[in-house]
Amino acid sequence: MTPDYPDDDPFANPPSFLPSSGPRERPKRSPEAKEAYNPYLHGAPIQGPRVAVSGRKRKQKGRLPKGSRHVSFTSKLPRKKHHIFLAICTTLVSIIFLLVGAAGGLYLWVDHQIQHYQALTTMPKNSIEESWLITGVDQRDGAAGTGPAGSVPGFRTDTIMLLIEPKHGKDALISIPRDTLVYEDGYYMKINAIAEDYGWPALASKVEQLTGVKIDHAVRANFNTIEDVVNAMGGVYVCFDRTVDDPYSGFKWKAGCGVMNGKTALAFARERHSDPLGDIGREHQQRILIRDMFNAALKPKFYLNFRRVAKVIQIGLQNVKIDDTSHANTLIKMAYVFYEATHHGITGIPYISDLGYEVPGVGDCILWNTTETKQMFQNIINGKLPAGTVGGVQ
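One structure accompanies this document, and this report is about it. (Residues numbered from 1 in each chain as written. Predicted model: local features only at pLDDT ≥ 70, side-chain atom pairs only at ≥ 80, totals over all residues. Heavy atoms only, no water.)

## Things to note about a nonpolar patch on the surface
Filter applied, for reference: Only residues above 30% relative accessible area that lack a salt bridge enter a patch, with like-charged residues linked at up to 9 Å and the nonpolar side chains Val, Leu, Ile, Met, Phe, Trp and Tyr linked at up to 5 Å. The Shrake-Rupley method, run with a 1.4 Å probe, gives the accessible areas here. Residue values count only the displayed protein chains as cover. The salt bridge criterion pairs a side-chain nitrogen of Lys or Arg with a carboxyl oxygen of Asp or Glu, the two atoms within 4 Å. Numbering of helices and strands starts at the N terminus; helices are DSSP runs of H or I of at least 4 residues and strands are runs of E of at least 2. Type-normalised accessible area, obtained with a 1.4 Å probe on protein chains alone, sets the label of each residue: buried when under 20%, exposed when over 50%, and partly exposed for intermediate values.
A surface patch of nonpolar side chains, about 220 Å² in accessible area, is lined by Leu277, Leu355 and Val393. Tracing the backbone through its elements, the reader meets Leu277 in the loop between α6 (262-270) and α7 (279-297). When its relative accessible area of 42% is taken as the criterion, Leu277 is described as partly exposed.

Structure below.
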């Protein structure tokens, strides 16, 4: 019995799903068509691993089909080079921090070990330059060139230098001859006896009177330290254009260049009897020696030898003192200014009117032309002098 369907019922005439003329076959593609429609040759993304219902990813070894030439942007690239770069950067930063920490620790240790002494005056400062009074003390201990131990008791400041860093212009290093005649407390005397007789502030005061320059810092060293420092450095290469055989200082040298050991360097710094300019010539030799010691200290042969550096620092801490208002950074800056003055700046002596002024009970003294000398120092402070040598015997 045929069911009675309404006219608008969709099941009244159901569609036929049977093939009308036998089974249909899928058309075959040519090899060219297959290659043309290969999804891996047209940038199609590689399908990721399927995800199970539980949300966990199945383990799947994904390999590109044979013959594929494209990797999608979603695939992971090797990051080995990136990791190496990060490792190198991290190592370098760590080394820098270690070096900075070591340098900071060394600075604090040195600053704590430095010896201080009272050396400055209360003279008001009317200019903006910075200055250092550098002195070398000779204990007169019977060494060659100093005379018998009992001939001149106590000590003498046989090296006196004034280092100036102006606000503008060239840095300057001016040597003050030890035989400079001064007047103190009603007596005539040589300037190298002021510190022993009246104290270190009196010496700074006298230098301020002679030059018109306010002393900001003071540094003093044992004269014999030269021998120990030069030996610790392994010698110093020096060029000196005069042949010398001086029995008083023990200095022997053939004109030219060579390496000085500590004993020769100390004799070189003391030698004056065979020099036509006497004490003036000795001041010049001391500036040469200190300049070449700086040159030697700036060579890798020295500063990469940590044992030598440590030895020099130890000798310096035992034999160098600074004024009671200064610190280790004062010495660091002084070394920089000293280098600039001796290599690119101004060096010299005051203007001298008489090299052999005889004073009864004092001996041969040096007289300054105080007017021209003070003007020279004012020109240095104001940055008006070019690099070169200033002062001299008139």
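Read on, since the account is not over.
## Some points on the state of the cysteines
Filter applied, for reference: Cysteine sulfur pairs qualify as disulfides if the two atoms are within 2.5 Å.
Scanning the model with the defined rule gives one disulfide in all. Each sulfur of the disulfide joining Cys239 and Cys257 lies 1.9 Å from the other. Note on the Cys239 and Cys257 pair: the S-S dihedral is about 110°, so by sign convention the disulfide is right-handed. Remark: Cys257 occurs in strand β11 (residues 256-260) and Cys239 occurs in strand β8 (residues 236-240); sequence separation between them is 18 residues. With a relative accessible area of 38%, Cys239 lands in the partly exposed category.

## Focus on the packing of helix α5 (residues 225-232) against α6
Short version of the rule: Only the contacting stretch of a helix is used when fitting its axis, a line to C-alpha atoms as for every element, and angles between N-to-C directions run 0 to 180 degrees. Any angle that falls under 35 degrees is termed roughly parallel, while one over 145 is termed roughly antiparallel, one within 65 to 115 roughly perpendicular, and all others oblique. The handedness criterion is simple: a crossing whose near helix is rotated anticlockwise from the far helix by less than a right angle is left-handed, and one whose near helix is rotated clockwise is right-handed. Pairs of residues are marked as contacts when any of their non-hydrogen atoms sit within 4.5 Å.
Packing of α5 against α6 brings their axes to within 7 Å, and their N-to-C directions diverge by 140°. With respect to their mutual orientation, α5 and α6 come out oblique. The hand of the α5/α6 crossing is right-handed. Only Gly262, Lys263, Ala265, Leu266 and Ala269 of α6 make contact with α5, whose side of the interface consists of Ile226, Glu227, Val230 and Asn231.

## What to know about the nonpolar core
General note: in soluble globular proteins, nonpolar side chains tend to be found buried as a group. What counts is decided by this rule: Put simply, a nonpolar core is a bunch of buried Ala, Val, Leu, Ile, Met, Phe, Trp, Tyr and Cys residues held in one set by side-chain atoms that sit within 4.5 Å of each other.
Core analysis: the largest hydrophobic core is formed by 36 residues, its most contacted members being Ile191, Trp200, Leu203, Val207, Phe377 and Ile380. When residues of this core are traced back to their parent elements, those giving at least two are β2 (130-138), β3 (156-165), β4 (172-175), α3 (194-198), α4 (200-211), β13 (346-359), β14 (363-368) and α11 (370-381). Top contributing element to this core by residue count: α4, with six residues. In this structure, Met233, Ile288, Phe302 and Ile315 belong to the second largest nonpolar core, which totals 25 residues.

## Describing unusual backbone geometry
The phi angle at Asp185 is positive, at roughly 55°, despite the residue not being glycine. Inspection of the secondary structure assignment puts Asp185 in the loop between β5 (181-184) and β6 (187-190).

## Focus on α4
Which entries qualify depends on this criterion: To estimate how far a helix should extend, the number of its residues minus one is multiplied by 1.5 Å.
Between its terminal C-alpha atoms α4 stretches 17 Å, which fits the 16 Å expected from 12 residues at 1.5 Å a residue. A large share of α4 lies buried, amounting to nine of its 12 residues. After α4 finishes, the residue Gly212 shows a positive phi value of roughly 80°.

## What to know about the packing of aromatic side chains
To keep it simple, the criterion reads: Side-chain rings of Phe, Tyr and Trp, where Trp is taken by its six-membered ring, are said to pair if the distance between their centres is within 6.5 Å; with planes under 30 degrees apart they count as stacked, over 60 as edge-to-face, and otherwise as tilted. Only when the NZ atom of a Lys or the CZ atom of an Arg is both within 6 Å of the ring centre and within 35 degrees of the ring normal do we say a charge sits over the ring.
In this structure the tally under the stated criterion is seven aromatic pairs. Note on Phe294 and Phe338: the rings are 5.2 Å apart at their centroids and 15° apart in plane angle, and the pair reads as stacked. Linking Phe294 in helix α7 with Phe338 in helix α10 (residues 328-344), this pair joins segments that are 44 residues apart in sequence. Among the aromatic residues, those joined into a cluster by ring pairs are Phe240, Phe251, Trp253 and Phe268. Lying across the ring of Tyr117, Arg220 places its NZ or CZ 4.5 Å from the centre.

## Remarks on the pattern of salt bridges
Within the structure shown, the criterion is met by 15 salt bridges. Ionic pairing is found between Lys125 and Asp216, a salt bridge with its closest N-O pair at 3.0 Å. Of this pair, Lys125 sits in the loop between β1 (115-117) and β2 while Asp216 sits in the loop between α4 and β7 (217-222); the two residues are 91 residues apart in sequence, bridging distant segments of the chain. Asp216 sits in the buried class, given a relative accessible area of 16%. Between Asp158 and Arg178 there is a salt bridge, with its nearest N and O atoms 3.2 Å apart. Within this pair, whereas Asp158 is found in strand β3, its partner Arg178 is found in the loop between β4 and β5, the two being separated by 20 residues in sequence. The same class applies to Asp158 and to Arg178, which are both buried. Taken together, the shared-partner salt bridges in this structure form one network comprising Asp158, Arg178, Asp179, Lys190, Asp279 and Arg282.

## Some points on the environment of Gly169
Positionally, Gly169 belongs in the loop between β3 and β4. Gly169 sits in the partly exposed class, given a relative accessible area of 47%.

## Brief notes about the environment of Phe268
You can see Phe268 is positioned in helix α6. Overall, Phe268 belongs to the buried group, its relative accessible area being 0%. In sequence terms Phe268 and Asp246 are 22 residues apart; their C-alpha atoms lie 9.7 Å from each other. Dropping the residues within four chain positions of it, Phe268 is found in contact with Val238, Phe240, Phe251, Met260, Gln285, Ile288 and Leu289.

## Concerning the side chain of Asn192
Inspection of the secondary structure puts Asn192 in the loop between β6 and α3. In this view, Asn192 contacts Arg156, Thr157, Asp158 and Arg178; residues no more than four positions away in its chain are not counted.

## Points about the environment of Ile313
Considering the arrangement of structural elements, one finds Ile313 in helix α9 (residues 306-319). A sequence separation of 81 residues divides Ile313 from Ala232, and the C-alpha atoms of the two residues are 9.9 Å apart.

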